[in-house]
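Residue-level structural notes
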Amino acid sequence: MTKKVKAEENIEVAPQVIAAEKKIAAPKKPEWDYRDRLYTLKNGRTPIIYNIASKHSQKKSLLWFDEEKGIQRELRYATNQNSPFVDEQKGAVTLGRIVFRDGQLAVPKEQVALQKLLSLYHPLKDQLYEEYNAVEESIDQLAYMEYEIQALLTAQKMEIEELEAILRVEYGSKVDALTSSELKRDCLLFAKRNPLLFLELASDENVELRNVGIKATNAGILQLSKDQRTFSYGQTGRKLMTVPFDEHPYSALAAFFKTDEGMEVYKHIIKKL
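Let me sum up the structure you'll find in this document.

Reading guide: rules and limits
- Along each chain, residue indices are assigned from 1 in the same order as the chain's sequence is written.
- For this predicted model, a pLDDT threshold of at least 70 governs which residues receive local features, and a threshold of 80 or more governs which side-chain atom pairs are given and counted, while totals over whole chains, interfaces and linings are taken from all residues.
- Derived side-chain values reflect all non-hydrogen atoms in the structure, with water molecules and hydrogen atoms excluded from consideration.
- By the criteria applied, helices consist of DSSP H or I runs no shorter than four residues and strands consist of E runs no shorter than two, each listed in order from the N terminus.
- Whether a residue is buried, partly exposed or exposed follows from its accessible area with a 1.4 Å probe, protein chains only, as a fraction of its type maximum: under 20%, in between, or over 50%, in that order.
- In what follows, residue pairs with any heavy atoms lying within 4.5 Å of each other are defined as contacts.
- Computed with the Shrake-Rupley method and a 1.4 Å probe, the accessible areas treat only the protein chains shown as cover for residues.
- Any pair of N or O atoms that falls within 3.5 Å is considered a polar contact. Within protein, one atom must be able to donate a hydrogen and the other to accept it, and sequence-neighbouring residues count only if both atoms are side-chain atoms.
- Working definition: a ring pair exists when centres of Phe, Tyr or Trp rings (six-membered ring for Trp) sit within 6.5 Å. Plane angles under 30 degrees give stacked, over 60 give edge-to-face, the rest tilted.
- Buried Ala, Val, Leu, Ile, Met, Phe, Trp, Tyr and Cys residues form a nonpolar core when they are joined through side-chain atoms within 4.5 Å.
- Two strands are said to pair when DSSP picks up at least two bridges between them.
- Angles run from 0 to 180 degrees between N-to-C directions of axes, and those axes are lines fitted to C-alpha atoms, restricted for helices to the stretch in contact.
- What a helix is expected to span follows from its residue count: subtract one and scale by 1.5 Å.
- Within this analysis, the arc is defined by the directions that extend from the helix axis to the C-beta atoms.

**Thoughts on the overall build of the protein**
In terms of regular secondary structure, the protein is built from eight helices and 10 strands. For the protein, the residues scored as buried account for 32% of the 273 residues in total. Considering only contacts in the protein between residues 6 or more positions apart, those separated by 24 or more positions represent 52%. About 19,700 Å² of surface is accessible on the protein, with carbon and sulfur atoms providing 51% of the total.

**Quick word on the environment of Asp 186**
Tracing the backbone shows Asp 186 in helix H4 (residues 180-193). Its relative accessible area of 8% is what places Asp 186 among the buried residues. A sequence separation of 23 residues divides Asp 186 from Leu 163, and the C-alpha atoms of the two residues are 9.2 Å apart. Once you skip the residues sitting within four places of it in the chain, Asp 186 turns out to touch Leu 167, Tyr 171 and Leu 178. Separated by 3.3 Å, the side chains of Asp 186 and Tyr 171 make a polar contact.

**With respect to the packing of aromatic side chains**
This model, assessed by the stated rule, comprises nine aromatic pairs. Aromatic rings pair up to connect Tyr 39, Phe 100 and Tyr 129 into one cluster.

**Remarks on the nonpolar core**
Residues Phe 231, Leu 240, Leu 253 and Ile 269 are the most contacted members of the largest nonpolar core, which totals 19 residues. Broken down by secondary-structure element, the contributors of at least two residues to this core are helix H6 (205-218), strand E8 (222-224), strand E9 (230-233), strand E10 (239-242), helix H7 (249-257) and helix H8 (260-272). Top element by residues in this core is H7. It accounts for six residues. Non-local contacts of Leu 240, meaning those with residues more than four positions away in its chain, are made with Leu 222, Phe 231, Ser 232, Tyr 233, Leu 253, Phe 256 and Val 265. In terms of nonpolar packing, the next biggest core, distinct from the first, is built from 17 residues, Leu 62, Tyr 77, Phe 85 and Tyr 121 among them.

**Quick look at the sheet that holds E10**
Strand order in the open sheet made by the three strands is E8-E9-E10, with antiparallel pairing throughout. Because the sheet does not close on itself, it has two edges, and the strands there are E8 and E10. Each neighbouring strand pair of the sheet contributes to a mean axis angle of 20°, computed without reference to strand direction. By the bridge criterion, three bridges tie E8 to E9 in an arrangement that is antiparallel. Bridge pairing in E9 places Leu 224 opposite Phe 231. Set on the sheet, H7 makes contact with E8, E9 and E10; between it and E10 the angle comes to about 110°.

**Here we look at unusual backbone geometry**
Its identity is not glycine, yet Asp 126 carries a phi of approximately 70°, on the positive side. Tracing the sequence through the fold places Asp 126 in the loop between helix H1 (112-121) and strand E7 (129-131). A positive phi angle, close to 55°, is found at Gln 228, a residue other than glycine. Looking at the element boundaries, Gln 228 is found in the loop between E8 and E9.

**So, H8**
The terminal C-alpha atoms of H8, which comprises 13 residues, lie 19 Å apart, in line with the 18 Å expected from a rise of 1.5 Å per residue. Taken together, the buried positions of H8 are occupied by Gly 262, Val 265 and Ile 269. Seen from one end, H8 has its buried residues packed into an arc of 60°, which puts them on one side. When the buried face of H8 is taken as reference, the exposed residues oriented beyond 90 degrees from it are Asp 260, Glu 264 and Lys 271. Considering only its buried residues, H8 is in contact with H6, E8, E9, E10 and H7.

What follows is the structure in structure tokens.
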């Protein structure tokens, strides 16, 4: 028998292409924005000259904790160096002073080291001074204007008695001498000048209750003792209530008006007024 031999077939295998692994790029640090910057002292302070620490010392610490390296790094403002970090400064250094004049310090974009020291690393940032931000400033101004409009609209809709109660916080007993038109005018001015306080007082029900208490005392319906510890009825002298220790008498009276007994007294006073 003749054996049949099968010829091996030459099978060409296409070369396998192994996809190269994509390298994930490390996140880039945000690039420094080269621009002129303005720094201002907080709380509206405007001294003619005000110096802040420009180098580390025993009296005034000027250190920044580097989380990547896990060490405290010493800071120093040197006018001839490109970095505010002492360990990155080379050669002889020329120390500079950080001086606010009339509450402000303008730093041109060329002084990068000083800008970075003030904007990123100085421990007094946002405590003693802050960097002026035109966008944030415009947002704050817009928010204030919205409060101002809201306060003016609220004042315009309020009754004279309510306006009187709010204005008494500002004027005290002088409110009694004002006419209705003067009350309205001064309340609108108050709302424009201090809208947040006005809105707070307008939403505080105790303001009106305190006003009623003050008016009742001025009218002789109620009487407050000289030591401001006791309220009594004006005609009979009978004791109405004792003011708790370390509390304003009319705030205590306003709280009393909210009780069951106090509501009856409040209604009686409103009728007499």
